[in-house]
Amino acid sequence: MTKVQKVFCVFLCLCFFAVLAMLPGPFSMREIVHNVYRQFPFYYFTEEKAQETWMEMDGETLAEIGKRNGAYLEEVAENERNLREENAKKSKEANLEKNSSVSEESKKINNTDKIENKDNSEMSEVIENSENHLNSETQPANTLPQSNIVLPHPILDLSRDKLSDYDYLMNNFYIVDENTDASAAKINAAEFLAEDFSLSHGPLEPQILIYHSHSQETFSDSREGEEEDTIVGVGNYLTSLLSEKYGYQVIHIKEAFDMMGGELDRNKAYDYACDYVEKVLEENPSVEVVIDLHRDGIDEDRRLVTKINGKDTAQILFYNGLSYTNAQGKVSYLPNPYIQDNLAFSFQLEYQAALYYPDFYRGIYLAGLRYNLHLRKRALLLEAGAQTNTVQEVKNAMEPFADILNRVLKGCGTG
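Residues numbered from 1 in each chain as written. Predicted model: local features only at pLDDT ≥ 70, side-chain atom pairs only at ≥ 80, totals over all residues. Heavy atoms only, no water.

(A) Representation of the pairing of strand E10 (residues 289–296) in the model. Across the 8 residues of E10, 8 count as buried, placing the element largely inside the fold. Bridging between strand E6 (residues 208–211) and E10 involves 4 bridges; their strand directions are parallel. Paired with Ile208 across the two strands is Val289, which belongs to E10. (Buried < 20%, exposed > 50% of the residue type's maximum accessible area, 1.4 Å probe, protein only. Helix = DSSP H or I, 4+ residues; strand = E, 2+ residues; numbered from the N terminus. Pairing = 2+ DSSP bridges.)

Structure follows, in structure tokens:
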């Protein structure tokens, strides 16, 4: 090779390396040279040894770095914790400020109800919010349809201290028939709220049974001969809500237990209903909830109505039998092993109503007999509205009732 050729080759090499030096990223000369050199065994050996030597010789530095990292992470966690506490404090202050804005002139409202010719004192509504209840009571994330989320807004003080006061409990949650004595029942809110009423049977088997001891009960605008305008029609709507909206398996019995020979006769309606329902329950042992759905009877100049979600809605009353009368004491021929369970079930429903629909419920009526509540521990006699309500008002009442029932059956009834 001549000198000219050698010079030309050197020139080409210099041009080549100049071009490489100007290329970006992985095509740069530095990266290419580095990657090429890494393929030589000696380079790989010296690089590995250098890393091992650093790891061996600088253990104290590593320990110090680890210590500092730990301190840093602890500081980050502490800051996050403080931030959460600050947000919770602000939320609590906002709720308390909101609660304190309730008008003082509405502190206590006393109403007197007359229920089926019985003189009974309607429970008074005390508008005092618990200092901590709204902050602790939140909607469970996976128990209700998204479209049915309702925020709690009680007008009663539902704190543990208040609910442990027997007189407060009786004045605000119960109506006692003159023929019985509430002291015969163990009225204990803490025990009632501690009971778990969540269902053990899944939706592949019947879970809820609805029937009507007084199937012929009608309303102010009911059309004669139209089932949909009777309490049975209200039961149809409740059945559709529980099955279609909440996914329960429901049996709805529409038999006329209060009709004998084509005539209205309620003398033995509860007995006839009991015999019939017992047979259905024997055939369907998975049923855990039994609801006897009625409407109440009141003075003609009164209407039991409130507004819920913008709709005129009939108010409801829960009915419990104590199998105890003042005249004879314990009614031994009407045994009920589930009296305390029945009381707890109705109280949890009313507790949920007090949280989410405080103008909806009228109280829990305590009477002296049994009213077939011995059929299940989750047995309930429900009075929805009265004869002075319209059909639509009473059907509207089934929407909030289905909501609070679902809450209790999902295990949300406990306090």
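(B) Spotlight on the pattern of salt bridges. Tallied over the full model, the rule gives 10 salt bridges. Glu393 is the partner of Arg303 in a salt bridge, and the nearest nitrogen-oxygen pair spans 2.1 Å. Within this pair, whereas Arg303 is found in the loop between E10 and strand E11 (305–308), its partner Glu393 is found in helix H12 (residues 391–409), the two being separated by 90 residues in sequence. (Salt bridge = Lys/Arg side-chain N within 4 Å of Asp/Glu carboxyl O.)

(C) Quick look at the confidence of the model for the chain. With 65% of its residues at a pLDDT of 70 or more, the chain shows a mean pLDDT of 79. Low pLDDT (under 50) marks residues 49–57, which in the prediction has 2 contacts with non-local residues, meaning those over four places away or in another chain. Every residue in residues 101–147 scores below 50 in pLDDT, and together they form 112 contacts with partners more than four places removed in sequence or on other chains. (pLDDT = per-residue confidence, 0-100. Contact = heavy atoms within 4.5 Å.)

(D) Up close: a negative patch on the surface. A cluster of like negative charges, contributed by Asp271, Asp275, Glu278, Glu282 and Glu283, occupies part of the molecular surface. Secondary-structure assignment places Glu278 in helix H10 (residues 269–283). (Patch = residues over 30% accessible without salt bridge, like charges linked within 9 Å, V, L, I, M, F, W, Y side chains within 5 Å. Areas by Shrake-Rupley, 256 points an atom, 1.4 Å probe, with all protein chains shown as cover. Lys, Arg positive; Asp, Glu negative; His and termini not counted. Charge placed at Lys NZ, Arg CZ, Asp CG, Glu CD.)

(E) Representation of the environment of Leu293 within the structure. Residue placement: Leu293 occurs in strand E10. Assessed through its relative accessible area of 0%, Leu293 is described here as buried. Between the C-alpha atoms of Leu293 and Ile231, which are 62 residues apart in sequence, the distance is 7.3 Å.

(F) Looking closely at the side chain of Asp177. Note that Asp177 resides in the loop between strand E5 (174–176) and helix H8 (189–194). A polar side-chain atom of Asp177 sits 2.5 Å from a polar atom in the side chain of Tyr365. (Polar contact = N/O pair within 3.5 Å; in protein donor to acceptor, adjacent residues only side chain to side chain.)

(G) Representation of the packing of helix H9 (residues 231–245) against H12 in the model. Relative orientation of the contacting elements H9 and H12 amounts to 35°, with a least axis distance of 9 Å. Where H9 crosses over H12, the handedness of that crossing is right-handed. Mapping the contact onto sequence places Gly233, Val234, Tyr237, Leu238, Leu241 and Leu242 in H9 and Val394, Lys395, Met398, Glu399, Phe401, Ala402 and Leu405 in H12. The class makeup of the residues in the contact of H9 with H12 is 10 nonpolar, 1 polar and 2 charged. (Axes fitted to C-alpha atoms, helices over the stretch in contact; angles between N-to-C directions. Left-handed = near helix turned anticlockwise from the far one by under 90°. Nonpolar A, V, L, I, M, F, W, Y, C, P; charged D, E, K, R; others polar.)

(H) Looking closely at H12. Compared with the 27 Å implied by 1.5 Å per residue over 19 residues, the 27 Å span of H12 between its first and last C-alpha is a close match. For H12, a buried count of 17 out of 19 residues is recorded, marking the element as mostly surrounded by other parts of the structure. Gly411 sits one or two residues past H12 and shows a positive phi near 85°. (Expected span 1.5 Å × (residues − 1).)

(I) Structural detail: unusual backbone geometry. We note that Asn309 has phi near 55°; this positive angle belongs to a residue other than glycine. Here Asn309 shows up in the loop between E11 and strand E12 (311–314). Residue classification places Asn309 among the exposed positions, given a relative accessible area of 68%.

(J) Region of interest: the nonpolar core. Within the largest apolar cluster, 66 residues are counted, with the highest numbers of intra-cluster contacts made by Tyr174 and Phe401. In terms of residues, this core owes the most to one element, helix H11 (residues 339–356), which gives 11 residues. Beyond its immediate chain neighbours, meaning those up to four positions away, Phe401 contacts Leu238, Ile291, Ile316, Phe318, Phe360, Leu380 and Leu382. With 13 residues, the next largest nonpolar core counts Phe257, Cys274, Val280 and Leu375 among its residues. (Core = buried A, V, L, I, M, F, W, Y, C linked by side-chain atoms within 4.5 Å.)

(K) The arrangement of the packing of aromatic side chains in detail. In total, this model carries 9 aromatic pairs according to the counting rule given. With centroids separated by 6.3 Å and ring planes inclined at 70°, the aromatic side chains of Tyr357 and Phe360 adopt a geometry described as edge-to-face. Of the two residues examined, Tyr357 and Phe360, each falls in the buried class. Every member of this aromatic cluster is reached through a ring pair, and the members are Phe173, Tyr174, Phe192 and Phe347. (Phe/Tyr/Trp six-rings, centres within 6.5 Å; stacked < 30°, edge-to-face > 60°.)

(L) Geometry of the sheet that holds strand E13 (residues 316–321). On the basis of which strands lie adjacent, the open sheet formed by 7 strands has the order E5-E16-E13-E17-E10-E6-E7 and mixed pairing. Of all the strands in the sheet, the pair left with one neighbour each is E5 and strand E7 (250–252). Averaged over all pairs of adjacent strands, the angle between strand axes in this sheet comes to 25°, irrespective of strand direction. Pairing analysis gives 3 bridges linking E5 to strand E16 (residues 361–367), with the strands arranged parallel. Bridging from a neighbouring strand, Val176 pairs with Leu366 of E16. Running over the sheet, helix H7 (residues 166–173) touches E5 and E16 and is turned about 85° from E5. Against the sheet, H11 engages E5, E10, E13, E16 and strand E17 (378–386), with an angle of about 165° to E16.

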